[in-house]
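What the coordinates show
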Amino acid sequence: DFAADGRQVNIASRSTSESLELADAIASAYFGRDCRYVNEEKLVKNRRISEFVGAVRAGNDGMGLVEVSLNQSPLDGAAPLRLSHESAGDLRKSLDHFEDTFGSLLESLPTIEWIKVLYRGKRVSLRFEESEADNRQYMVRYTDHRLNGFERRTFEQEMRNGHGIPVLSTEKRYRN
């Protein structure tokens, strides 16, 4: 799956090392010099992500929030917490009740491990990775395996154009 300018290729394989070697070989041959694979990074301000989370929580954008996983909750001991429901409306009711009792769950991006939104009837996970260089910016990664190629491109376009959030696949590769 080559990008139009030839500077990006999406490769899927069962082995991490084989796909990295293949990506390196393709890029090296294309550019005529030694190239090494690097995970793509696209940063977005935390304010924009918070606005998006608020919109999906409220059900205002066609994508409903159906799951929230926190690495620490407002409960005593800051225990991890996961709330999930098949319907965004029912999860919203549960979140309202929980937040009336214990306070907001979605105020602090660093405490959110992931959220899942309902997109075209499919549950898509979104993770917010804090930038190492600037804690006011994040990379937003999504699980693309539930979506077909057309749905992935459409989801990425809707996130970018509708919310100002460039999203990247969670498929990251690391050298052994």
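The structure presented is a predicted model; accordingly, all values stated were derived computationally and were not measured.

Scanning the protein chain from terminus to terminus reveals four helices and seven strands. For the protein chain, the sequential pattern of α-helices and β-strands runs α-β-α-β-β-α-β-β-β-α-β. Evaluated residue by residue, the protein chain yields a buried proportion of 38% over its 176 residues. Considering only contacts within the protein chain whose residues lie at least 6 apart along the sequence, 59% involve residues at least 24 apart. Surface accessibility of the protein chain: about 10,500 Å² in total, with carbon and sulfur atoms responsible for 45%.

Moving on, we get to helix α4 (residues 149-163). For α4, with 15 residues, the first-to-last C-alpha span of 21 Å sits near the 21 Å given by 1.5 Å per residue. Looking at the packing, one finds that the buried side of α4 touches α2 (46-58), β4 (112-119), β5 (122-130), β6 (137-142) and β7 (167-169). Its side-chain oxygen at 3.1 Å from the backbone nitrogen of Phe150, Asn148 defines the N-terminal cap of α4. Just downstream of α4 lies Gly164, where phi reads positive at about 70°.

Looking at the secondary structure, you find Ala88 in helix α3 (residues 88-102). Judged by its relative accessible area of 16%, Ala88 is buried. Sequence separation between Ala88 and Met63 is 25 residues; the distance between their C-alpha atoms is 8.6 Å. Not counting the four nearest positions on each side in its chain, Ala88 is found in contact with Gly64, Leu65 and Val66.

Another aspect to go through is unusual backbone geometry. Positive phi outside glycine occurs at Ala78, with the angle close to 50°. Take Ala78: it is sitting in the loop between β2 (64-70) and β3 (81-84). Of note, Arg120 is a non-glycine position whose phi angle comes to about 55°, a positive value. Since its relative accessible area comes to 46%, Arg120 is described here as partly exposed.

So, on to the pattern of salt bridges. Applying the stated criterion across every chain yields a total of 11 salt bridges. Asp24 is paired through a salt bridge with Arg36; the nearest N and O atoms lie 3.9 Å apart. Separated by 12 residues along the polypeptide, Asp24 in helix α1 (residues 16-31) and Arg36 in the loop between α1 and β1 (43-45) bring together distant segments of the chain. Assessed through its relative accessible area of 53%, Arg36 is described here as exposed. Measuring nitrogen to oxygen at the nearest pair gives 3.3 Å for the salt bridge that ties Glu129 to Arg141.

We now examine α2. For α2, spanning 13 residues, the distance from its first C-alpha to its last is 18 Å, which sits close to the expected 18 Å at 1.5 Å a residue. What α2 keeps buried is the set Ile49, Phe52, Val53, Ala55, Val56 and Arg57. Gly59 lies just past α2 and shows a positive phi near 75°.

What counts, and at which threshold
The residue numbers shown here count from 1 along each chain, following its written sequence. Side-chain atom pairs in this predicted model are given and counted only at pLDDT of 80 or more, local residue features only at pLDDT of at least 70, and totals for whole chains, interfaces and linings cover all residues. Side-chain calculation: all heavy atoms of the structure are included, whereas hydrogens and water are not. Strands here are runs of E lasting at least two residues and helices are runs of H or I lasting at least four, both read from the DSSP assignment and numbered beginning at the N terminus. The rule is simple: take the accessible area with a 1.4 Å probe, protein chains only, and divide by the maximum for that residue type; under 20% is buried, over 50% is exposed, in between is partly exposed. The contact criterion used throughout is that any non-hydrogen atoms of two residues lie within 4.5 Å. To measure how exposed things are, a 1.4 Å probe is used in the Shrake-Rupley method; for residues, cover is taken only from the protein chains shown. Each helix should span, by expectation, one fewer than its residue count multiplied by 1.5 Å. Whenever two N or O atoms come within 3.5 Å, that pair is a polar contact, provided that in protein one can donate a hydrogen and the other can accept it, and provided that, for residues adjacent in sequence, both atoms are side-chain atoms. Put simply, a salt bridge is a Lys or Arg side-chain nitrogen that is within 4 Å of an Asp or Glu carboxyl oxygen.

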